[in-house]
Amino acid sequence: MLTRARRIQKALANSCWKEFEAPGGKKYYYNSETKVTTWEIPADLKAVMQVATAPVIPAALPAPNHPQANTVAVYSREDADREKEQKEQRDRDHQRLNFTPAADPYLNVQTEFDTREDAEEAFMGMLRETNVTPDWTWETTMRIIISHPLYRALKTLSERRSAFERYIDEKRKEAADIRKAKYDEDRVVLRTLFTDPQHGVNSRTRYRKAASTLENNEVFKAIDDHDRQAIFREFVEGLQEREKEIIRETRKDNVTKFERILQRLTAEELLTIATTWAAVQELYKAQPEYRADRKLQAMEPIDFLLTFEHHIQDLVTKYRQGRDEKRRARHRQERIKRDQFRAFLLELAANDTVHARTHWLELFPAIHDDERYIQLLNQPGSDPLELFGDVIVQMIDEFRPTRRAVEDIVKASNIPISLTTTLEEIKKSVSAVSEGKFTTVKPTIIRLVYEE
């Protein structure tokens, strides 16, 4: 019979799992078919070894008191069985002698690299070979790969962890890309299903009803339920948004049509800023373009009212702008007339018709028929008398400095002045003493000083 050690060796030889010993003396197991390496003994290998190490119970021999005929027959079968077992044992021994131990999978693995980039790529290749998934932690991964020669391709723990995190990020990105591509494909398929009129999906359909309708559809069932709900929700929201857009466009068109009706009524002077809403309702409902347009008739009453209010506000704004423009034009004309009358008074002052001591009653007979005076009558703002007063004040302001200067000269020069002194004598005396300072002074001013 086979010994326990030989049975274990035979079990290992027939299994795809091979046992190896790491440099530190710890055993690990390598699958030659899947290329997977693990520190723990695999479950299928453990089951094979349990069978191989199970105790063998020898077959019971025939009792010595059996009849001779029966004894001969039993021994003949036993001889045949023993011969068969010996043949099988020889075959097993032959297989054992010809058994070649599995090659070390890490033999001749390159662990030294010229650049850090090459070392990092080799390290990440080891992670791919080990089938590290994005949900692995660094601690779990390190326990699995620490005995692999390429674990030392990167020299520091921080470099290994950085490469691991980069590998995990790439894996997550790959998984996300795959997920997105799958979702995009499913979205195209489901949108085609939802668009089919026979399934009755519209903007008010609930997912539960749609799922019940499509429960026997193989394409629908093949897609993850979470994705189905998300795609359905997106599809229904799109339908709702399109319906809202149609409503907005229809409302916009109706408002434009109604505004054109109001503009025409305004141009025909049937609608003014004083027209009431009740009167406008009777007007537009009698118009042929309103009576022939079903969509316009279906517009919400509030939209009719808001459009009317907006139109009236525009009319009021235009009215106020026109009124203000007329007021400004009128004010400009009034200002021009006042400036013309002022210029007229200055002309009179230039020819000494008006001076600092002129009274309005003295001037009135000379100007009452003049157009520049007449056009100021009944005009708001400054009247002719006020403008005349402004000119007189200006002339008085010009007269006072000259009067004081003449008085000072007369007092300083002791010029004799009496009731019999004439104007010419004063002019001559003042001119002689002032050395010609008053040669440019108007004679009217000298006369006024003389009279005072």
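Report on the accompanying structure. (Residues numbered from 1 in each chain as written. Predicted model: local features only at pLDDT ≥ 70, side-chain atom pairs only at ≥ 80, totals over all residues. Heavy atoms only, no water.)

1. Remarks on the overall build of the protein
Counting its regular elements, the protein contains 18 helices and three strands. When the 452 residues of the protein are sorted by exposure, 31% land in the buried category. Long-range pairs, those at least 24 residues apart, make up 65% of the contacts in the protein with a sequence separation of at least 6. Approximately 30,600 Å² of the protein is accessible, and the part contributed by carbon and sulfur atoms is 53%. (Helix = DSSP H or I, 4+ residues; strand = E, 2+ residues; numbered from the N terminus. Buried < 20%, exposed > 50% of the residue type's maximum accessible area, 1.4 Å probe, protein only. Contact = heavy atoms within 4.5 Å. Areas by Shrake-Rupley, 256 points an atom, 1.4 Å probe, with all protein chains shown as cover.)

2. Some thoughts on helix 4 (residues 116-129)
Because an α-helix completes one turn every 3.6 residues, residues spaced three or four positions apart along the sequence face the same direction. Over its 14 residues, helix 4 runs 20 Å from end to end, which matches the ideal 20 Å to within 8%, given 1.5 Å per residue. When helix 4 is considered as a whole, its buried residues turn out to be A119, E120, A122, F123, M124, M126 and L127. Check the buried side of helix 4 and you find it contacts helix 5 (138-145) and helix 6 (157-195). Backbone geometry just after helix 4 places N131 at a positive phi near 60 degrees. (Expected span 1.5 Å × (residues − 1).)

3. Observations regarding the packing of helix 10 (residues 277-285) against helix 13 (residues 301-350)
One can describe the packing of helix 10 onto helix 13 by two numbers: an axis separation of 11 Å at closest approach and a directional angle of 110 degrees. In terms of orientation, helix 10 lies roughly perpendicular with respect to helix 13. Judged by the sense of rotation from one axis to the other, the crossing of helix 10 with helix 13 is right-handed. Residues W277, V280 and Y284 of helix 10 form the contact with helix 13, whose participating residues are F304, L305 and F308. (Axes fitted to C-alpha atoms, helices over the stretch in contact; angles between N-to-C directions. Parallel < 35°, antiparallel > 145°, perpendicular 65-115°, else oblique. Left-handed = near helix turned anticlockwise from the far one by under 90°.)

4. Brief notes about the side chain of H355
Within the secondary structure, H355 is located in the loop between helix 13 and helix 14 (360-367). For H355, a relative accessible area of 15% puts it in the buried group. Engagement of the side chain of H355 in a polar contact is seen with the backbone nitrogen of R357, the distance being 3.0 Å. (Polar contact = N/O pair within 3.5 Å; in protein donor to acceptor, adjacent residues only side chain to side chain.)

5. So, the pattern of salt bridges
Counted by the stated rule, this structure contains 30 salt bridges. Residue R161 is joined to E165 by a salt bridge in which the shortest nitrogen-to-oxygen separation is 3.6 Å. Here E165 and R161 lie together in helix 6, a separation of four residues that amounts to about one turn. Looking at R161, the relative accessible area reads 37%, which means it is partly exposed. By relative accessible area, E165 is classed as partly exposed at 41%. Put simply, D324 and R327 hold a salt bridge, and the shortest N to O gap is 2.8 Å. Of the two residues, D324 and R327 are both situated in helix 13; the distance of three residues between them amounts to about one turn of the helix. According to the relative accessible area criterion, R327 is partly exposed, its value standing at 32%. (Salt bridge = Lys/Arg side-chain N within 4 Å of Asp/Glu carboxyl O.)

6. A look at the nonpolar core
Counting residues in each nonpolar core, the largest one holds 24 residues, and the members touching the most others are F341, L345, L348, V354, L363, I367 and F388. At the level of secondary structure, the elements contributing two or more residues to this core comprise helix 13, helix 14, helix 16 (384-413) and helix 18 (443-451). If you tally residues by element for this core, the top one is helix 16, at nine residues. (Core = buried A, V, L, I, M, F, W, Y, C linked by side-chain atoms within 4.5 Å.)

7. A word on the packing of aromatic side chains
Given two aromatic rings, one states the distance between the centres and the angle between the planes to describe the pair. Under the counting rule described, the total for this entry stands at 17 aromatic pairs. Ring geometry for W138 and F164: centres 5.3 Å apart, planes at 50 degrees, overall tilted. In this pair, W138 sits in helix 5 while F164 sits in helix 6, placing the two residues 26 residues apart along the sequence. For the pair W138 and F164, one class covers both residues: buried. With centroids separated by 5.3 Å and ring planes inclined at 75 degrees, the aromatic side chains of Y284 and Y290 adopt a geometry described as edge-to-face. Residue classification places Y284 among the buried positions, given a relative accessible area of 3%. Among the aromatic residues, ring-to-ring pairing joins F258, W277, Y284, Y290, F304 and F308 into one connected group. The ring of F220 has R228 sitting right over it, with the charged end atom 4.5 Å from the ring centre. (Phe/Tyr/Trp six-rings, centres within 6.5 Å; stacked < 30°, edge-to-face > 60°. Lys NZ or Arg CZ within 6 Å of the ring centre and 35° of its normal.)

8. As for the environment of L127
With respect to the element layout, L127 can be found in helix 4. Along the backbone, L127 and I145 are 18 residues apart, and their C-alpha atoms lie at a distance of 8.0 Å.

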